[in-house]
2 protein chains.
Amino acid sequence: MLKAEIKITLRKTVADPQGLTVKHALESLGYKGLEEVRIGKLITIKLKSKSAKEAERETGDMCKKLLANPIIEDFKFKIRKR
Amino acid sequence: MLKAEIKITLRKTVADPQGLTVKHALESLGYKGLEEVRIGKLITIKLKSKSAKEAERETGDMCKKLLANPIIEDFKFKIRKR
């Protein structure tokens, strides 16, 4: 059984208002040493038993087709045994 | 300069309707070998120069106070040089 852990982040050039809001909230709690806060998604998919190679191909495919928006987001993922 | 990468996930016992919706969407695209999809947050914080030890303490603190909801979420993080 394999598990794909996918990290989806906004591209560096894209503004992240949610991250900015969290940064301000943290600052108002007294955390002053923050330079930037950015918020992405962490998607975990449990895959029914397949080869790691097939899981890798399929996960990349799912990211491109549905999970990530390639205009504004980058993705990377790891396939792990579970 | 340090960077904290924080993974926030729903606890195993908590239902994840967003993940379920994404699972159904993937299945309707023809991906059949999925057992479970869960969606969490990936928060990246760039910290102004500090010791790794202080960054670790502060990040744990921020997670407990604001970033994660301990009733329904788990968090873990890594501090990296950048």
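Please refer to the structure higher up on the page.
Structural notes, computed from the coordinates. (Residues numbered from 1 in each chain as written. Chains lettered and ligands numbered in written order. Predicted model: local features only at pLDDT ≥ 70, side-chain atom pairs only at ≥ 80, totals over all residues. Heavy atoms only, no water.)

1. Quick look at the relation of the copies chain B and chain A
- Between chain B and chain A, which share one sequence, the superposing operator has a rotation angle of 180° and an axial displacement of 0.0 Å; the RMSD is 0.0 Å. Accordingly, the operation relating the two chain copies is best matched by a two-fold axis. Among all C-alpha atoms of chain B, that of B:Lys41 lies closest to the rotation axis, at 2.3 Å.
- A high fraction, 100%, of the interface residues of chain B reappear at the interface in chain A, so the copies pair face to face through one surface. (Least-squares fit on C-alpha atoms with pLDDT ≥ 70 in both. Contact = heavy atoms within 4.5 Å.)

2. Thoughts on the packing of aromatic side chains
All names here are of chain A.
- A complete count under the given rule lists two aromatic pairs over all chains for this structure.
- Relative to phenylalanine 77, the ring of phenylalanine 75 lies with its centre 6.4 Å away and its plane at 10°, an arrangement referred to as stacked.
- In this structure phenylalanine 75 comes out as partly exposed when scored by relative accessible area, which is 28%.
- In this structure phenylalanine 77 comes out as partly exposed when scored by relative accessible area, which is 24%. (Phe/Tyr/Trp six-rings, centres within 6.5 Å; stacked < 30°, edge-to-face > 60°. Buried < 20%, exposed > 50% of the residue type's maximum accessible area, 1.4 Å probe, protein only.)

3. Notes on the pattern of salt bridges
- A full pass over the atoms with the stated rule returns 18 salt bridges over all chains.
- Measuring nitrogen to oxygen at the nearest pair gives 3.6 Å for the salt bridge that ties A:Asp61 to A:Lys65. Of the two residues, A:Asp61 and A:Lys65 are both situated in helix H2 (residues 52–67); the distance of four residues between them amounts to about one turn of the helix.
- Salt-bridge contacts for B:Glu27 lead to B:Lys23; the nearest nitrogen and oxygen are separated by 3.0 Å. Taken together, the residues B:Glu27 and B:Lys23, both in helix H1 (residues 17–28) and four residues apart, mark about one turn of the helix. The same class applies to B:Glu27 as to B:Lys23, namely buried. (Salt bridge = Lys/Arg side-chain N within 4 Å of Asp/Glu carboxyl O. Helix = DSSP H or I, 4+ residues; strand = E, 2+ residues; numbered from the N terminus.)

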